[in-house]
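# Summary of the model geometry
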Amino acid sequence: MHVHEIPTRPPGRRPGRALGLLLLGLACATAPPGDPLRYRLAGSGSHWDVVGADRVLEDLEPRYPDFFAIVLDPSRSDEPNLLRLREDLESRPTTRRNFDALNAVAIAYFEINHRAESQRGEMGFLSGGFRVAKLAAVPWRAYGDVEDPRLRDAILDFFEDAASGEKLGSTASRGRLVDVVQSLARKERDPARLARIESIAARMRAAHGDAPR
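This one's a predicted model, so the numbers in the text were calculated from it and none came from an experiment. (Residues numbered from 1 in each chain as written. Predicted model: local features only at pLDDT ≥ 70, side-chain atom pairs only at ≥ 80, totals over all residues. Heavy atoms only, no water.)

### What to know about the overall build of the chain
Let me state the cut-off plainly: Secondary structure follows DSSP: runs of H or I at least 4 residues long count as helices, runs of E at least 2 residues long count as strands, and numbering of each begins at the N terminus. Contacts are assigned to residue pairs with any non-hydrogen atoms lying within 4.5 Å of each other. To be clear on the numbers: accessible area is Shrake-Rupley with a 1.4 Å probe, and residue cover counts the displayed protein chains and nothing else.
From N to C terminus, the chain includes ten helices and zero strands. Counting from the amino terminus, helix and strand elements in the chain follow one another as α-α-α-α-α-α-α-α-α-α. In the chain, the proportion of contacts linking residues at least 24 apart, taken out of those at least 6 apart, comes to 64%. Carbon and sulfur atoms provide 56% of the accessible area of the chain, an area that totals close to 12000 Å².

### A short note on the pattern of salt bridges
Let me state the cut-off plainly: Take a side-chain nitrogen of Lys or Arg and a carboxyl oxygen of Asp or Glu: if they are within 4 Å of each other, that pair is a salt bridge. Three labels apply to residues, based on accessible area from a 1.4 Å probe with only protein chains included: buried if under 20% of the type maximum, exposed if over 50%, partly exposed otherwise in between.
With the rule as written, the count across this model stands at 23 salt bridges. The shortest N-O distance in the salt bridge between Asp157 and Arg196 comes to 2.4 Å. Note that Asp157 is positioned in helix 7 (residues 149-164) and Arg196 in helix 10 (residues 191-208), a separation of 39 residues in sequence. Relative accessible area serves as the criterion here: at 28%, Asp157 is assigned to the partly exposed category.

### Let's talk about unusual backbone geometry
In this chain, Arg92 is followed by Pro93 through a cis amide linkage whose omega measures -5°. Within the secondary structure, Pro93 sits in the loop between helix 4 (83-90) and helix 5 (96-117).

### Here's the deal with the packing of helix 6 (residues 123-145) against helix 7
What counts here: Here an axis means a line fitted to C-alpha atoms, over the contact stretch when the element is a helix, while the angle between two N-to-C directions is reported on a 0 to 180 degree scale. Each angle gets one of four labels, with under 35 degrees taken as roughly parallel, over 145 as roughly antiparallel, 65 to 115 as roughly perpendicular, and the rest as oblique. Crossing handedness follows the turn of the near helix against the far one: under a right angle anticlockwise gives a left-handed crossing, and clockwise gives a right-handed one.
Viewed as axis vectors pointing N to C, helix 6 and helix 7 meet at an angle of 150°, and their least axial separation amounts to 10 Å. Looking at the two axes, helix 6 sits roughly antiparallel to helix 7. The hand of the helix 6/helix 7 crossing is left-handed. Together, Ala136, Pro139, Trp140, Ala142, Tyr143 and Gly144 of helix 6 and Arg152, Ile155, Leu156, Phe158 and Phe159 of helix 7 make up the contact between the two elements.

### Some thoughts on the side chain of Arg174
Put simply, the rule reads: Polar contacts, as counted here, are pairs of nitrogen or oxygen atoms within 3.5 Å of one another; within protein the pair requires one atom able to donate a hydrogen and one able to accept it, and residues that are adjacent in sequence qualify only if both atoms are side-chain atoms.
Examined against the element boundaries, Arg174 turns out to sit in the loop between helix 8 (170-173) and helix 9 (178-183). Polar contacts involving the side chain of Arg174 include one to the main-chain carbonyl oxygen of Ala163, which spans 3.0 Å. Beyond its immediate chain neighbours, meaning those up to four positions away, Arg174 contacts Ala162, Ala163, Ser164, Gly165, Met204 and Ala207.

### Points about the packing of aromatic side chains
Note the threshold: The pairing test for Phe, Tyr and Trp rings, Trp by its six-membered ring, is centres within 6.5 Å, and the orientation test on the planes gives stacked under 30 degrees, edge-to-face over 60, and tilted for anything in between. Definition used: whenever NZ (Lys) or CZ (Arg) falls within 6 Å of the ring centre and also within 35 degrees of the ring normal, the charge is taken to sit over that ring.
In this structure the tally under the stated criterion is seven aromatic pairs. With a centroid separation of 5.3 Å and 85° between ring planes, the pair formed by Tyr109 and Phe110 is classed as edge-to-face. Taken together, the ring pairs in this structure connect Tyr39, Trp48, Tyr109, Phe110, Phe158 and Phe159 into an aromatic cluster. A cation sits over an aromatic face here: Lys187 above Trp140, 3.2 Å from the ring centre.

### A closer look at empty space enclosed by the protein
We apply this condition: A pocket here means an open set of points on a 1 Å grid, computed over the protein atoms alone, that has protein on both sides within 12 Å along at least five of seven lines. A cavity is instead a set of points where a 1.4 Å probe fits but cannot get out; residues with an atom within 4 Å of a point line either one. Grid points are joined across faces, edges and corners, and a volume is the space filled by probe spheres set on the points. Gly is placed with the polar residues, together with every amino acid not listed as nonpolar (Ala, Val, Leu, Ile, Met, Phe, Trp, Tyr, Cys and Pro) or charged (Asp, Glu, Lys and Arg).
As enumerated under the stated definition, the model contains one cavity of 30 Å³ or more in all. Size it by volume and the largest cavity reaches roughly 30 Å³. Taken together, Glu79, Pro80, Leu82, Ile112, Arg131, Lys134 and Leu135 make up the lining of the largest cavity. With three residues, helix 6 is the single largest residue contributor to the lining of the largest cavity. Looking at the lining of the largest cavity, its residues break down into four nonpolar, no polar and three charged.

### Some points on the confidence of the model for the chain
A low pLDDT score tells you not to read the predicted coordinates there in detail. As a reminder, the rule being used: You can read pLDDT as the predictor saying how much it trusts each residue, on a scale of 0 to 100.
Scored by pLDDT, the chain has a mean of 84; 81% of the residues are at 70 or more. Mean pLDDT across the elements of the chain ranges from a minimum in helix 1 (residues 15-29), with 40, to a maximum in helix 4, with 98. Across residues 1-32 the pLDDT falls below 50, and counting only partners more than four positions away or on other chains, this stretch makes two contacts in the model.

### A closer look at the packing of helix 4 against helix 5
With their axes 7 Å apart at the nearest point, helix 4 and helix 5 run at an angle of 135° to one another. In terms of axis orientation, helix 4 runs oblique to helix 5. Judged by the twist between their axes, the crossing of helix 4 over helix 5 is left-handed. Together, Leu85, Glu87, Asp88, Leu89 and Glu90 of helix 4 and Arg97, Asn98, Ala101, Leu102, Ala104 and Val105 of helix 5 make up the contact between the two elements. Among the residues forming the contact of helix 4 with helix 5, the class breakdown is six nonpolar, one polar and four charged.

What follows is the structure, encoded as structure tokens:
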């Protein structure tokens, strides 16, 4: 946390105006994130807890406390229960609940994938890989069951993010998602989303030569 000195008030400036500007600045700094009905981790850089002013993990952790208690604790080897997240992601009608589940799964995916990749050559790499595969299967399965185009687009946003290699550990692991992404085409009839699926899979294949399996 940075502590800023409060400058002295210039002569002639009314205290009421200065106070109003200060309160406005504080309101902007603490403003809630944008529309939560979307994939929220795009553009987060190499990490996956905060995207600008959008504190995604802090927002979602109270909603899935037991899930994140396992995911965020490297000392725990027990499997997180994915049933509630799967039910939330596939629920109808589409509400914030669906998108919260998707973003929670995405955070867990990148968290555990990064941890597994840092343990290559060790037992943790194999066990982490199995957990990552189970997490990726949640949005993969949901894609065939949900019809809301916003939710389908958000699921593709997640896979596109994983394909970008931007998140820590995802460059080495994205090759393992090629078949998963490609198989989404069998569940899609919209030409624009079909083209997008092919594009994501193509980028994964192109990068696969540099990404060890």
